[in-house]
Each structure stands twice: as C-alpha cells, then as structure tokens.
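Overview (structure and organization)
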Amino acid sequence: MNTVSLTDALTELRSAAKLTGEGSVQAIDAALVEVTKFGSAESIGPLLLMLDDGATYDEGMFSLIHAAEAFEDAVYVRELLAVLPEVRAAAPRWASIVLMRAMNNDDTRGELVRALRGADAGIKQAAKWLCDKVNERSPKFMSKTLPVLVAAR
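Fair warning: this is a prediction, and the values are worked out from it, not measured in the lab.

**A look at the packing of aromatic side chains**
Applying the stated criterion across every chain yields a total of one aromatic pair. Where Phe62 meets Trp94, the ring centres are 5.0 Å apart and the plane angle is 80 degrees; that geometry is what we call edge-to-face. Of this pair, Phe62 sits in helix H4 (residues 58-69) while Trp94 sits in helix H6 (residues 92-104), and the two are 32 residues apart along the sequence. A residue is classified by how much of its surface remains accessible, and Phe62, at 26% relative accessible area, is partly exposed.

What follows is the structure, given as structure tokens:
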C-alpha cells in the first residue's frame, strides 16, 4: 500500500513544475492530481509559490492556479494573501495574473477587499504594487483595482 502525504505530493509537484520541454505540462497535471486528492487548503500557498515567470509553458502555471482557485473564496483569499508578498517577489507576472483573476470575480473581489482591510503592511504593500502594475498596463482595469487599492491603504 502506497501512502503518500501531502508534503510528498507537493514535493513531486515542485519537481514537475521545474521541468522544461513538452512533457512539463503533463507532468504538472499528473502531479496535481495527487495533490488535489487531499482537498487541503494547506496546498494553496505552495501551489502559488510554484508559479514561475520563466516557465516554458503557461498552461502548466494555469494548472497550478486553477487548483489553488478550487477552494471557497474565503479560504482561497486567506491563503493567497498569506503568500502574496513572496509570490510577487518571485514571480511578479504570475502574481499580477492571480490577483487580476481574483478581482475579475465579484465574490472573490469582495472577499479580497474584506481580507485586505485587516492584513498586515507587507501584504497590503504587495497588493498595492500589483494593482499599480495592472493599472499601468491599462486604465480600464481601474474599476477592478480601485476597491482593492482602497482596502490596502
């Protein structure tokens, strides 16, 4: 009987996420199956911390994001904010994508605004920085970023 722990499954996924080449996306997806079997919110932070701006294929990174987003909004946002400064530092492109996806969903954005109000300064600073980067790309995003920026003050 093979008993794999969440830690073991995440280790395998980290190895898959570092692969390059055609098989990398399939390796990530196969490893994600093992991680998601646990249904544990403890996986959200590690999943987001595996995002890599230098990844060969965006599909693999989106698989990580989709697995993290599978949890209820309150749980997802809590875990996202806990690692947001680290994700922003390690993979700013993917951090902005993750934050934009959260802001594009009304319910998730509402939870994000509520959670940011009580967040510590480092988390607020990361959220503000990411919102500013999103707004630099296009002012059309300001309607989504404004509530987050206000909450992060």
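**Let's talk about the pattern of salt bridges**
Taken as a whole, this structure holds seven salt bridges when the rule is applied. Between Asp106 and Arg109 there is a salt bridge, and its shortest N-O distance comes to 2.7 Å. With a gap of three residues between them, Asp106 and Arg109 both fall in helix H7 (residues 106-117), about one helical turn apart. Among the residues examined, Asp106 registers a relative accessible area of 55% and is labelled exposed.

**Let's talk about the nonpolar core**
Counting 49 residues, the largest nonpolar core has Leu13, Leu48, Leu51, Leu64, Leu112 and Leu116 as its most contacted members. Among all residues touching Leu48, those that are not within four sequence positions of it are Ala68, Tyr76, Leu80, Val83, Val87 and Val98.

Conventions adopted
- Residues numbered from 1 in each chain as written.
- Predicted model: local features only at pLDDT ≥ 70, side-chain atom pairs only at ≥ 80, totals over all residues.
- Heavy atoms only, no water.
- Phe/Tyr/Trp six-rings, centres within 6.5 Å; stacked < 30°, edge-to-face > 60°.
- Helix = DSSP H or I, 4+ residues; strand = E, 2+ residues; numbered from the N terminus.
- Buried < 20%, exposed > 50% of the residue type's maximum accessible area, 1.4 Å probe, protein only.
- Salt bridge = Lys/Arg side-chain N within 4 Å of Asp/Glu carboxyl O.
- Core = buried A, V, L, I, M, F, W, Y, C linked by side-chain atoms within 4.5 Å.
- Contact = heavy atoms within 4.5 Å.

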